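Per-entry structural report
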Amino acid sequence: MKFDVVTIFPRMIEAGLAEGVVGRGVEKGIVDVGVHDLRTFTTDRHRTVDDVPYGGGPGMVMKVEPFVRALETIRAERGTPDAVVLLSPQGRLFDQGEARRLSGLGHVVLLCGRYEGIDERVRDLVATEELSIGDFVVSGGETPALIVIDAVSRLVPGVVGDQESVEQDSFSQGILDHPHYTRPAEFEGRKVPDVLLSGHHAEVRRWRMQEALRRTSERRPDLIERRVKETGNERD
Ligand code: 4GX
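Here the structure is a predicted model, which is why all the values come from computation and not from measurement. (Residues numbered from 1 in each chain as written. Predicted model: local features only at pLDDT ≥ 70, side-chain atom pairs only at ≥ 80, totals over all residues. Heavy atoms only, no water.)

Observations concerning the overall build of the protein chain
Where we set the bar: By the criteria applied, helices consist of DSSP H or I runs no shorter than four residues and strands consist of E runs no shorter than two, each listed in order from the N terminus. Buried, partly exposed and exposed residues are distinguished by accessible area as a fraction of the type maximum, computed with a 1.4 Å probe on protein chains only: under 20%, between the cut-offs, and over 50%, respectively. Only heavy atoms matter for contacts: two residues are in contact if any of them lie within 4.5 Å across the pair. Accessibility throughout is a Shrake-Rupley quantity obtained with a 1.4 Å probe, and a residue counts as covered only by protein chains that appear here. Asp and Glu are treated as the negative residues and Lys and Arg as the positive ones, with His and the ends of the chain left uncounted. One atom stands in for each charge, and that atom is NZ of Lys, CZ of Arg, CG of Asp or CD of Glu.
Summing up its helical and strand segments, the protein chain has 9 helices and 10 strands in all. Within the protein chain, buried positions represent 40% of all 236 residues. In the protein chain, the proportion of contacts linking residues at least 24 apart, taken out of those at least 6 apart, comes to 75%. When the accessible surface of the protein chain is split by element, carbon and sulfur atoms take 50% of a total near 14000 Å². The average position of the 32 basic charges and that of the 40 acidic charges among the side chains of the protein chain differ by 3 Å.

A word on the nonpolar core
Convention followed: Residues enter a nonpolar core if they are buried and are Ala, Val, Leu, Ile, Met, Phe, Trp, Tyr or Cys, with the set joined through side-chain atoms within 4.5 Å.
Ranked by size, the top nonpolar core spans 29 residues in total, and within it Phe3, Val5, Phe94, Leu110, Ile149 and Val152 carry the most contacts. Of all the elements, helix H6 (residues 142–153) adds the most residues to this core, at 6 residues. Excluding residues within four positions of it along the chain, Leu110 makes contact with Phe3, Asp4, Val5, Val6, Val85, Leu87, Ala145, Val148 and Ile149. If you look at the next biggest cluster of nonpolar residues, it comprises 19 residues, including Phe41, Ala70, Ile74 and Leu86.

So, the site of the ligand
Defined as follows: Think of it this way: one heavy atom of a residue within 4 Å of a molecule or strand is enough to make that residue near it. Two N or O atoms form a polar contact when they lie within 3.5 Å of each other; inside protein one atom must be a possible hydrogen donor and the other a possible acceptor, and for residues adjacent in sequence the pair counts only when both atoms belong to side chains.
Around the ligand, the surrounding shell holds 19 residues, and the nearest of these are Pro89, Ile133, Gly134, Phe136 and Val138. Measuring from a nitrogen atom of the ligand, one finds a backbone N or O atom of Ile133 at 3.0 Å. Relative to its free-state accessible area of 460 Å², the ligand is covered by the protein chains to the extent of 96%. For the shell around the ligand, the secondary structure elements donating two or more residues are strand E5 (83–93), strand E7 (117–118) and strand E8 (129–132).

Some points on the sheet that holds strand E3 (residues 50–51)
Stated precisely, the cut-off is as follows: Pairing between two strands is assigned when DSSP locates at least 2 bridges connecting them.
Pairing within the open sheet is mixed, and its 3 strands lie in the order E3-E4-E7. The two strands at the open ends of the sheet, each matched to only one other strand, are E3 and E7. Where strand E4 (residues 61–62) meets E7, 2 bridges bridge the pair, whose relative direction is parallel. Its bridge partner lying in E7, Val61 is registered against Gly117.

As for the packing of helix H4 (residues 96–103) against H6
Our working rule: To get an axis, a line is fitted to the C-alpha atoms, and for a helix only the part in contact is used. The angle between two axes follows their N-to-C directions and goes from 0 to 180 degrees. We call two directions roughly parallel when the angle between them is under 35 degrees, roughly antiparallel when it is over 145, roughly perpendicular when it lies between 65 and 115, and oblique otherwise. Following the grouping adopted for this structure description, the nonpolar residues are Ala, Val, Leu, Ile, Met, Phe, Trp, Tyr, Cys and Pro, the charged ones are Asp, Glu, Lys and Arg, and the polar ones are all others, Gly among them.
One way to put it is that H4 packs onto H6 with a least axis distance of 8 Å and a crossing angle of 70°. In terms of orientation, H4 and H6 fall into the roughly perpendicular class. Of the residues in H6, those touching H4 at Ala99, Leu102 and Ser103 are Val148, Ala151 and Val152. Grouping the constituent residues of the contact of H4 with H6 by class yields 5 nonpolar, 1 polar and no charged.

As for the pattern of salt bridges
Basically, it comes down to this: The term salt bridge refers to a side-chain nitrogen of Lys or Arg lying within 4 Å of a carboxyl oxygen of Asp or Glu.
Evaluation of the coordinates by the stated rule reveals 16 salt bridges. Between Arg154 and Asp169 there is a salt bridge, with its nearest N and O atoms 2.8 Å apart. Of this pair, Arg154 sits in the loop between H6 and helix H7 (163–168) while Asp169 is found in the loop between H7 and strand E9 (186–187), placing the two residues 15 residues apart along the sequence. Judged by its relative accessible area of 27%, Asp169 falls in the partly exposed class. Overlapping salt bridges bring together Arg92, Glu98, Arg101 and Glu129 as one network.

Remarks on the environment of Glu116
Positionally, Glu116 belongs in the loop between strand E6 (107–111) and E7. Sequence-wise, Glu116 and Pro53 are 63 residues apart; in three dimensions their C-alpha atoms are separated by 9.4 Å. For Glu116, the contacting residues outside a window of four places in its chain are Pro58, Gly59 and Met60. Side-chain polar atoms of Glu116 contact the backbone nitrogen of Met60, separated by 3.0 Å.

A word on helix H2 (residues 20–27)
For clarity, the cut-off: By arc we mean the arc of the directions from the helix axis to the C-beta atoms, nothing more.
Every buried residue belonging to H2 is among Val22, Gly23 and Gly25, and all of these are buried. Down the axis, H2 shows its buried residues gathered within 155° of arc, on one side only. Against the buried residues of H2 lie H6. A positive backbone phi angle near 85° is found at Gly29, which sits one or two residues after H2.

Considering the side chain of His36
One can find His36 in strand E2 (residues 32–37). Given a relative accessible area of 10%, His36 falls into the buried group.

Below you can see the structure in the form of structure tokens.
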């Protein structure tokens, strides 16, 4: 799977990809991430990527031309992407379903904005879609881009060593995870539930499902609703 990231802070993306499961996926060549400094696509002496907003008001707006030139270069050097994603709070909410969809594509470009916003013509002419990582404001699209790359890459075969753990993942099941324990069997008077020490695999499975559903209905009833809608029941 191929990603290209367009940013004024390329080192943020490089640092975020240097470690962990996704970092190893990059090392192994299963995930290929091209990082592109937006300033290299400017033509003026000051390498300007932003300007004052038409109509006035506070803050700066990112210019359209550098993004257009970045995409022309990516197309020429890396091929035509399947999707060009602008990260912003105005986007559709990124969730596990969106991650699964993107993992089925071969080549995704991620556009990272900074400042108060981006010239609307980037949306019209460059981006094919707009995604948000959540209803809060961060200071740039770089951390959202890393989150999207991480969540999508883990679904690409070979990136996570144990594919079973990916399929068992709480959100691929559409509910929250069950509690986990490891040794010691008792700590400061708090015991690991007996069933987990019992060796009865069917009982363990039943307990985990029950606890996962209990947590989900307490913390995220919206996820139970969604599962009922998608599967017609709340178990499988
Ligand atoms: N999920 N932000 C982007 C600047 C910006 C504004 C408009 C493009 C268009 C965010 C999020 C997020 C803040 C990153 C505004 N870029 N991005 N930035 N939540 O809050 O993705």
